[in-house]
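# Per-entry structural report
For reference, the chains in residue letters:
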Protein chains: 6
Amino acid sequence: MEQGLTHFDSQGNAVMVDVSAKDVSVRMAQAKGQITVRRETLAAIQQGTARKGDVLAVARIAGIMAAKKTAELIPLCHPLVFDSCTIDFVLPEPKEPANPCPIEAVCTVRLSGKTGAEIEAMTGVSVALLTIYDMCKAMDRGMVIGAIRLWEKSGGKSGHFLRNEPLG
Amino acid sequence: MEQGLTHFDSQGNAVMVDVSAKDVSVRMAQAKGQITVRRETLAAIQQGTARKGDVLAVARIAGIMAAKKTAELIPLCHPLVFDSCTIDFVLPEPKEPANPCPIEAVCTVRLSGKTGAEIEAMTGVSVALLTIYDMCKAMDRGMVIGAIRLWEKSGGKSGHFLRNEPLG
Amino acid sequence: MEQGLTHFDSQGNAVMVDVSAKDVSVRMAQAKGQITVRRETLAAIQQGTARKGDVLAVARIAGIMAAKKTAELIPLCHPLVFDSCTIDFVLPEPKEPANPCPIEAVCTVRLSGKTGAEIEAMTGVSVALLTIYDMCKAMDRGMVIGAIRLWEKSGGKSGHFLRNEPLG
Amino acid sequence: MEQGLTHFDSQGNAVMVDVSAKDVSVRMAQAKGQITVRRETLAAIQQGTARKGDVLAVARIAGIMAAKKTAELIPLCHPLVFDSCTIDFVLPEPKEPANPCPIEAVCTVRLSGKTGAEIEAMTGVSVALLTIYDMCKAMDRGMVIGAIRLWEKSGGKSGHFLRNEPLG
Amino acid sequence: MEQGLTHFDSQGNAVMVDVSAKDVSVRMAQAKGQITVRRETLAAIQQGTARKGDVLAVARIAGIMAAKKTAELIPLCHPLVFDSCTIDFVLPEPKEPANPCPIEAVCTVRLSGKTGAEIEAMTGVSVALLTIYDMCKAMDRGMVIGAIRLWEKSGGKSGHFLRNEPLG
Amino acid sequence: MEQGLTHFDSQGNAVMVDVSAKDVSVRMAQAKGQITVRRETLAAIQQGTARKGDVLAVARIAGIMAAKKTAELIPLCHPLVFDSCTIDFVLPEPKEPANPCPIEAVCTVRLSGKTGAEIEAMTGVSVALLTIYDMCKAMDRGMVIGAIRLWEKSGGKSGHFLRNEPLG
């Protein structure tokens, strides 16, 4: 892994890293995160799932659209053309005793290019979770978004990375 | 506090909540969040602070610009006109033993309008932290963004809210 | 109703119409449109409605988000702040013999301002229908989007308008 | 032609279709549509054509700019890089008796990529027509936008398609 | 006139200036700028004026659309809602001997709000001139954009300002 | 160098130039420009350089982000994917007697594609200078942005170009 901060030139000026010399390669990145909600909120979300309006469906769309906009949000990020982007949610088990409890979001991005898709996947997760917050805030203002992290990546010079986290 | 999900009509279709009948009032919202970084990363960020290029300066700008774009990112969010937006960072104390350690971001938004600025403040924090991630990821891929939460709000029908968290 | 084209000055140069002298008033606009699809496509959309992924849910979100972006798409349109925006769909009756058959989209926008919301409502309908096209095009390339028209408006100097169309 | 809806995975969750395995090929798509206007409106548009300000010139620019933004408007659409985009208008013949009468818009997009440009061409036509509506609405509120359809496409796995419509 | 830089707080952190305490007032700002072109380029632009395609018409639209996007481009600028925006061009006199010669752009913005429209007018001029550059660069790569300056403003605490420039 | 305006077809309609037949090649473009400020303003900017908040740092970020948005601002410009983008500033020498005095901005863009990056570099310079204007306007309303010009380009059919300007 490289040392030091890459987005600055020798005078310390912020730059978009020059990737001219990099090879185009197939790349994948997956990020995860979660939002912690009260059980009443989870119930409201789950009831909505059975109906036309659906918090998770709206959040999924917002996350995918935000992943596409990453270069517009993150100043020194390179514009990219994606091959695919998906967002999945994992709801707590019914027997899960914790209150509040976590809803997990997972964003997976695939592309063929000179840079990785890590920040795109992180952005997709973040905006999906912000959308859940927006749609539920009137009944659960204290929700907390967290654990947004890179889970896995492949392709590019630094090759394969899978986060080393104990299960559970 | 209201019960139920507000962004759906009686058929369960997602809607932008109708705020026609609400009064214009002065509103403030403050959100906080953090990114957990290795000590080497914190040192690199702090060294950059003394020079022209500055991770936190770039992250601050990205967060303020993203707060302005919130209605473009969050599907059912109302477009708003702001009076002000600030982003501050709190770095760990030098004697802080933890490794990794947290850098905190705080976003405060003020406006005069029919809806609150909670999601704008949450978005500003989220994108500021995503920008720190982007600028440091080559040396610290495992950084985790978390604890993104509403800290305080005032104005509007639900009045004043200050999060009840133990100090520390 | 005024005569002539309003978006040009006396030299024929395109301008954003000066609304400084207009009063702020409560305004509503509703637009309708439809997309004509083969019966197999309608069936696929209706089956999806019962599942988590839902063509109409995605189209609804896209339409609402596009209505918010109208001033960014339509060159001489004024930026506006909305009070509300909804999109509804009307599916053909089960006994409807026509093949292809029409799915109708209706967008309603409310705001308080110096200009009406007609073009915002038209844009919301258009992008909702384009999204249905995008999501079904692999199985029904020949779908036609049409009948996009202003249905009703109120507020502002020209007052109330309701389209005069025979039922059916 | 493929069966079923492509933008959903096996659980019915909306996804951006994975095009990693597709070949890059040269692609073209052309879409058409029309707006039906009163004869007085057509005359005003044609008079403007001879002067600096020009409804069709503004509409053309809006349509081209919107085609470029398609991935930002249509949730599950892939970002693309274009080779070209043109928008043409066809006005009714002088002897055309119908009132109202149709102005036709045609958008042609060419690119080299893994996905087609059909939705980009449809979007270009739609926003060009919405712009004509916006610029003429003060004198012809009842204009109807319609017949927005894919006219021709080439390239990609499904090869060449030309709409089969009787002339006239 | 105020002293010092207003976009920084006491710690030197960049902030969006807090305008909560300011009064809403009617505001106008006009900015001017120019692009210096070879006489052959001016002739090509003027010939186009007589035809459907028109460099200045495209540049005018681009400038108006960019003025609307100012808050998206200029980091610490407040989002605003306009009442009007116009862009005019002044071509050199036929007898003007200079080669290259200047085409002037003038952008005038009116709004009612808590902040002025100076940067919106400057942005409209800048993008209009950049568009002329883009459309003519294949035949006149050496064009220079300059003299972009605030010409006049009114409203707000600092009242009326008219640039003091000798005629000619 | 080619003759005539390239962005119009034979009927004079504005078009996005068809680059299908062009080769992908490595391209670079560098543009320069300046803003003329009073000496007090330069001093305020230089004092800020030593602190966390920094006019030039904000302007640099705004310029890079705007260069990425060029296809969204300039109507007939092709969307591009960059390899790199940098913005540098040159401050007047301490002994420079002129008042007002010029701050220079330089934007360099590299990409691999079918079209050059000239307008992207020009746009980066323009928005960086507009940002300096925005951040200093309260104390120096009369600042002038100028001398925005292409300095150098390479790659593509027209090959290498370096502006021929006398030193000083």
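The structure presented is a predicted model; accordingly, all values stated were derived computationally and were not measured.

## Focus on the overall build of chain A
Helix and strand counts for chain A come out as four helices and five strands. Counting helices and strands in the order they occur from the N terminus, chain A gives β-α-α-α-β-β-α-β-β. A buried classification covers 61% of the 168 residues belonging to chain A. Side-chain charges of chain A comprise 19 positive and 18 negative groups, with the mean position of each set lying 4 Å from the other.

## What to know about the relation of the copies chain E and chain B
Expressed as a screw operation, the relation of chain E to chain B combines 0.0 Å of axial shift with a rotation of 120°, fitting to an RMSD of 0.0 Å. Such values leave the two copies arranged in the relation of a three-fold axis. Among all residues of chain E, the minimum C-alpha distance to the rotation axis is found for Val-81 of chain E, at 4.7 Å.

## Details of the interface of chain E and chain F
One frequent convention defines the size of an interface as the accessible area lost when the parts assemble. Tallying the contact residues gives 59 residues for chain E and 59 residues for chain F. Carbon and sulfur atoms supply 67% of the area that chain E and chain F bury against each other, a total of about 4900 Å² over both sides. Looking only at chain E, the three residues that lose the most surface to chain F are Leu-5, Leu-130 and Arg-141 of chain E, adding up to 14% of its buried area. Between the two partners, chain E and chain F, sit two salt bridges. In this structure, Lys-69 of chain E engages Glu-72 of chain F in a salt bridge whose closest nitrogen and oxygen atoms are separated by 2.3 Å.

## Brief notes about helix H2 (residues 55-68) of chain A
For H2 of chain A, built from 14 residues, the straight-helix expectation of 20 Å at 1.5 Å per residue is met to within 8% by its first-to-last C-alpha distance of 20 Å. Of all 14 residues in H2 of chain A, 14 are buried; the element is thus mostly enclosed.

## With respect to the packing of aromatic side chains
Per the stated rule, a full pass over the model turns up zero aromatic pairs over all chains. Residue placement shows Lys-32 of chain A over the ring face of Trp-151 of chain A; its charged tip is 3.8 Å from the ring centre.

## Details of the interface of chain E and chain B
Tallying the contact residues gives 20 residues for chain E and 17 residues for chain B. Buried surface at the junction of chain E and chain B, summed over both partners, amounts to about 1400 Å²; 57% is from carbon and sulfur atoms. Inspection of the region where chain E meets chain B yields three salt bridges. Put simply, chain E and chain B have nine residue pairs in polar contact (both at pLDDT 80 or more) between them. When its residues are assigned to classes, the side of chain E that touches chain B shows 13 nonpolar, three polar and four charged.

## Things to note about the packing of helix H2 (residues 55-68) of chain E against helix H4 (residues 118-136) of chain E
All names here are of chain E. Running from N to C, H2 and H4 cross one another at 145°; their axes reach a closest spacing of 7 Å. Considering only the axes of H2 and H4, their crossing is right-handed. Residues Val-55, Leu-56, Val-58, Ala-59, Ala-62, Gly-63, Ala-66 and Ala-67 of H2 form the contact with H4, whose own contacting residues are Glu-120, Thr-123, Gly-124, Val-127, Ala-128, Thr-131, Ile-132, Met-135 and Cys-136. The class makeup of the residues in the contact of H2 with H4 is twelve nonpolar, four polar and one charged.

## Regarding the pairing of strand S4 (residues 144-154) of chain C
Looking at chain direction, strand S1 (residues 25-37) of chain C and S4 of chain C are connected through eight bridges and run antiparallel. Considered in S4 of chain C, the bridge of Ala-31 of chain C is made with Leu-150 of chain C. The pairing of S4 of chain C with strand S4 (residues 144-154) of chain D spans two bridges and is antiparallel. Paired with Ile-148 of chain C across the bridge in S4 of chain D is Ile-145 of chain D. In this sheet, strand S5 (residues 161-162) of chain C lies alongside S4 of chain C in antiparallel orientation, the contact comprising two bridges. Along S5 of chain C, the bridge assignment pairs Lys-153 of chain C with Phe-161 of chain C. What sits between the antiparallel neighbours S4 of chain C and S5 of chain C is a turn of six residues, in which Gly-155 of chain C has the positive phi angle 90°.

## Looking at the confidence of the model for chain A
Confidence along chain A averages 89 in pLDDT terms, with 93% of residues attaining 70 or more. Interface confidence for the predicted complex, given as ipTM, is 0.93, next to a pTM of 0.94.

## Quick notes on unusual backbone geometry
The linkage connecting Asn-99 of chain D with the following residue, Pro-100 of chain D, adopts the cis geometry, with an omega of 5°. Its identity is not glycine, yet Ala-147 of chain B carries a phi of approximately 55°, on the positive side.

## Here's the deal with the pattern of salt bridges
This structure, assessed with the given rule, holds 60 salt bridges over all chains. Residues joined by salt bridges that share partners form a network here, namely Lys-69 and Glu-72 of chain A, Lys-69 and Glu-72 of chain B, Lys-69 and Glu-72 of chain C, Lys-69 and Glu-72 of chain D, Lys-69 and Glu-72 of chain E together with Lys-69 and Glu-72 of chain F.

## Some details on the relation of the copies chain E and chain F
When chain E is brought onto chain F, the operation consists of a screw motion whose angular component is 180° and whose axial shift is 0.0 Å, with 0.0 Å RMSD remaining. Within this description, the copies of the chain are treated as partners about a two-fold rotation axis. Closest approach to the rotation axis within chain E is made by the C-alpha atom of Gly-146 of chain E, at a distance of 1.8 Å. In this assembly, 100% of the residues forming the interface of chain E have copies in chain F that are likewise at the interface, indicating an isologous arrangement.

## Some words on the pairing of strand S3 (residues 101-113) of chain D
Residue and element names in this part refer to chain D. Where strand S1 (residues 25-37) and S3 come together, 13 bridges link them in antiparallel fashion. Each residue of the ladder has a partner; that of Gly-33, found in S3, is Ala-105. Strand direction decides the pairing type here: strand S2 (residues 82-90) and S3, joined by eight bridges, are antiparallel. Bridging across to S3, Asp-88 finds its partner in Val-106.

## Side note on a nonpolar patch on the surface
Taken together, Val-81 of chain A, Val-81 of chain D together with Val-81 of chain F make up a surface patch of nonpolar side chains, about 160 Å² in accessible area. On the secondary structure map, Val-81 of chain D appears in the loop between helix H3 (70-73) and S2.

Analysis parameters
- Residues numbered from 1 in each chain as written.
- Chains lettered and ligands numbered in written order.
- Predicted model: local features only at pLDDT ≥ 70, side-chain atom pairs only at ≥ 80, totals over all residues.
- Heavy atoms only, no water.
- Helix = DSSP H or I, 4+ residues; strand = E, 2+ residues; numbered from the N terminus.
- Buried < 20%, exposed > 50% of the residue type's maximum accessible area, 1.4 Å probe, protein only.
- Lys, Arg positive; Asp, Glu negative; His and termini not counted.
- Charge placed at Lys NZ, Arg CZ, Asp CG, Glu CD.
- Least-squares fit on C-alpha atoms with pLDDT ≥ 70 in both.
- Contact = heavy atoms within 4.5 Å.
- Buried area = accessible area lost by both parts, 1.4 Å probe.
- Salt bridge = Lys/Arg side-chain N within 4 Å of Asp/Glu carboxyl O.
- Expected span 1.5 Å × (residues − 1).
- Phe/Tyr/Trp six-rings, centres within 6.5 Å; stacked < 30°, edge-to-face > 60°.
- Lys NZ or Arg CZ within 6 Å of the ring centre and 35° of its normal.
- Polar contact = N/O pair within 3.5 Å; in protein donor to acceptor, adjacent residues only side chain to side chain.
- Nonpolar A, V, L, I, M, F, W, Y, C, P; charged D, E, K, R; others polar.
- Axes fitted to C-alpha atoms, helices over the stretch in contact; angles between N-to-C directions.
- Left-handed = near helix turned anticlockwise from the far one by under 90°.
- Pairing = 2+ DSSP bridges.
- pLDDT = per-residue confidence, 0-100.
- Patch = residues over 30% accessible without salt bridge, like charges linked within 9 Å, V, L, I, M, F, W, Y side chains within 5 Å.
- Areas by Shrake-Rupley, 256 points an atom, 1.4 Å probe, with all protein chains shown as cover.

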